[in-house]
Amino acid sequence: MRLETALDTTPVIAILRATSAKHLVAVAETLRAAGIRAVEFTLTTPGAYDALAAFTADGMALGAGTVTTPEEARRAVEAGAGYLISPAVCLDVIAEARTLGVPVLPGAYTPTEVLSAWRAGADLVKLFPAATGGVAHLKAIRAPLPDIPLVPTGGIGLDDAAAYLDAGARAVGIGAPLIGDACETGDLDALRTRADALIERIRR
């Protein structure tokens, strides 16, 4: 599934980060069953490349996160990532994503960073860390740059997501508040409950 299609269905990118990749695939499958269509395996998770290769992403957009070098971008796409997310404006990663033909979401915080990322070829821009400035910061960035699709990420809770979307975010990136300890313990029942609650809140 294309990332844009996934976000049209459910405007959430679930961020999976853990001390091992043991439960990443099971967590992603649970999120897919709950209705979340975009998931990010962070490359800071040991074994992330193998997890990317092991996950059958039918009906879901599978991406790689914390991509900071062109080599990581190439390895992630070779392993099965359909889009790339960076924590900063890594111009070489943006260029590599263009070469590889996959969407890229660089991280940016200021208007200068957001516009620089967009002009360099970003498909969407990850507003990071979102919680530092909150919804007010998103609105302030969008005022002069309304045509750049922003995906606020970092510190967004389940109760906050709808406010960001109402303020004009293309989607939200959510990690620990949604995933909890599922990537560490494999507790999928609690994960499903949180995913159901998130989807209910953003679809009201």
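Structure: above.
Residues numbered from 1 in each chain as written. Predicted model: local features only at pLDDT ≥ 70, side-chain atom pairs only at ≥ 80, totals over all residues. Heavy atoms only, no water.

**Q** If you had to explain the overall build of the protein to someone new, which residues and values would you point to?
**A** Along its length, the protein carries 11 helices and eight strands. The C-alpha radius of gyration of the protein comes to 15 Å, within 12% of the 17 Å expected for a compact globule of 204 residues. With respect to the three principal axes, the spread of C-alpha positions in the protein is 45 × 40 × 25 Å. Evaluated residue by residue, the protein yields a buried proportion of 51% over its 204 residues. Within the protein, contacts between residues at least 6 apart in sequence are counted, and of these 55% link residues at least 24 apart. Accessible area of the protein: about 8400 Å², with a carbon and sulfur share of 51%. Of the charged side chains in the protein, 18 are positive and 23 negative; the average position of the first set lies 4 Å away from that of the second. (Helix = DSSP H or I, 4+ residues; strand = E, 2+ residues; numbered from the N terminus. Rg over C-alpha atoms; globule rule 2.2 N^0.38 Å. Buried < 20%, exposed > 50% of the residue type's maximum accessible area, 1.4 Å probe, protein only. Contact = heavy atoms within 4.5 Å. Areas by Shrake-Rupley, 256 points an atom, 1.4 Å probe, with all protein chains shown as cover. Lys, Arg positive; Asp, Glu negative; His and termini not counted. Charge placed at Lys NZ, Arg CZ, Asp CG, Glu CD.)

**Q** I'd like to hear about the nonpolar core, residue by residue, with values.
**A** When a protein is soluble and globular, its nonpolar side chains tend to lie buried together. With 64 residues, the main nonpolar core has Leu16, Leu31, Phe41, Leu178 and Ile179 as its most contacted residues. Setting aside its immediate chain neighbours within four residues, Leu16 contacts Leu24, Val27, Ala28, Leu31, Val39, Glu40, Phe41, Thr42, Thr45, Ile179 and Cys183. Counting 12 residues, the second-largest nonpolar core is a separate cluster that includes Leu3, Ile13, Ala38 and Ala171. (Core = buried A, V, L, I, M, F, W, Y, C linked by side-chain atoms within 4.5 Å.)

**Q** Give me the sheet that holds strand β5 (residues 104–105): which residues, what numbers.
**A** Reading across the sheet, the six strands line up as β5-β4-β3-β2-β1-β8 and stay open at both edges, with parallel pairing between neighbours. Edge strands, defined here as strands with exactly one partner in the open sheet, are β5 and β8 (172–174). Bridging between strand β2 (residues 38–42) and strand β3 (residues 61–65) involves five bridges; their strand directions are parallel. Bridging from a neighbouring strand, Thr42 pairs with Gly65 of β3. (Pairing = 2+ DSSP bridges.)

**Q** Kindly report on the side chain of Glu96, identifying the contributing residues and their values.
**A** Following the sequence through the fold, Glu96 ends up in helix α5 (residues 91–100). With a relative accessible area of 14%, Glu96 lands in the buried category.

**Q** Account for α5, with residues named and values stated.
**A** All of the buried residues along α5 are Val93, Ile94, Glu96 and Ala97. Seen from one end, α5 has its buried residues packed into an arc of 165°, which puts them on one side. Seen from the buried face of α5, the exposed residues on the opposite side, beyond 90 degrees, are Leu91 and Thr99. In this structure, the buried side of α5 is in contact with α4 (70–79), β4 (83–85), β5 and α6 (111–120). (Arc of directions from axis to C-beta.)

**Q** I'd like to hear about the packing of helix α2 (residues 24–34) against helix α11 (residues 188–202), residue by residue, with values.
**A** Each packed pair of helices is defined by two parameters, the angle between the axes and the distance between the axes. Orientation of α2 relative to α11, taken along the N-to-C sense of each, is 35°, at an axis distance of 9 Å. Here α2 runs over α11; the crossing is right-handed. Residue-level contacts link Ala26, Val27, Thr30, Leu31, Ala33 and Ala34 of α2 to Leu188, Leu191, Arg192, Ala195, Asp196 and Ile199 of α11. (Axes fitted to C-alpha atoms, helices over the stretch in contact; angles between N-to-C directions. Left-handed = near helix turned anticlockwise from the far one by under 90°.)

**Q** So what's going on with α4? Which residues, and what values?
**A** If you check which residues of α4 are buried, you get Ala73, Ala76 and Ala79. Seen from one end, α4 has its buried residues packed into an arc of 135°, which puts them on one side. Exposed positions of α4 whose direction lies more than 90 degrees from the buried face are Glu71 and Glu78. Along its buried surface, α4 packs onto α3 (48–54), β3, β4 and α5. Positive backbone phi, approximately 125°, marks Gly80, located one or two places after α4.

**Q** For unusual backbone geometry, give the residues involved together with the corresponding values.
**A** Negative phi values dominate among residues other than glycine, just as trans dominates among peptide bonds. Omega for the bond connecting Phe128 with Pro129 falls within 30 degrees of zero, at -5°, which places this linkage in the cis form. Among the secondary structure elements, Pro129 is positioned in the loop between β7 (126–127) and α7 (130–142). Even without being a glycine, Thr66 presents a positive backbone phi close to 55°. In this structure Thr66 comes out as buried when scored by relative accessible area, which is 17%.

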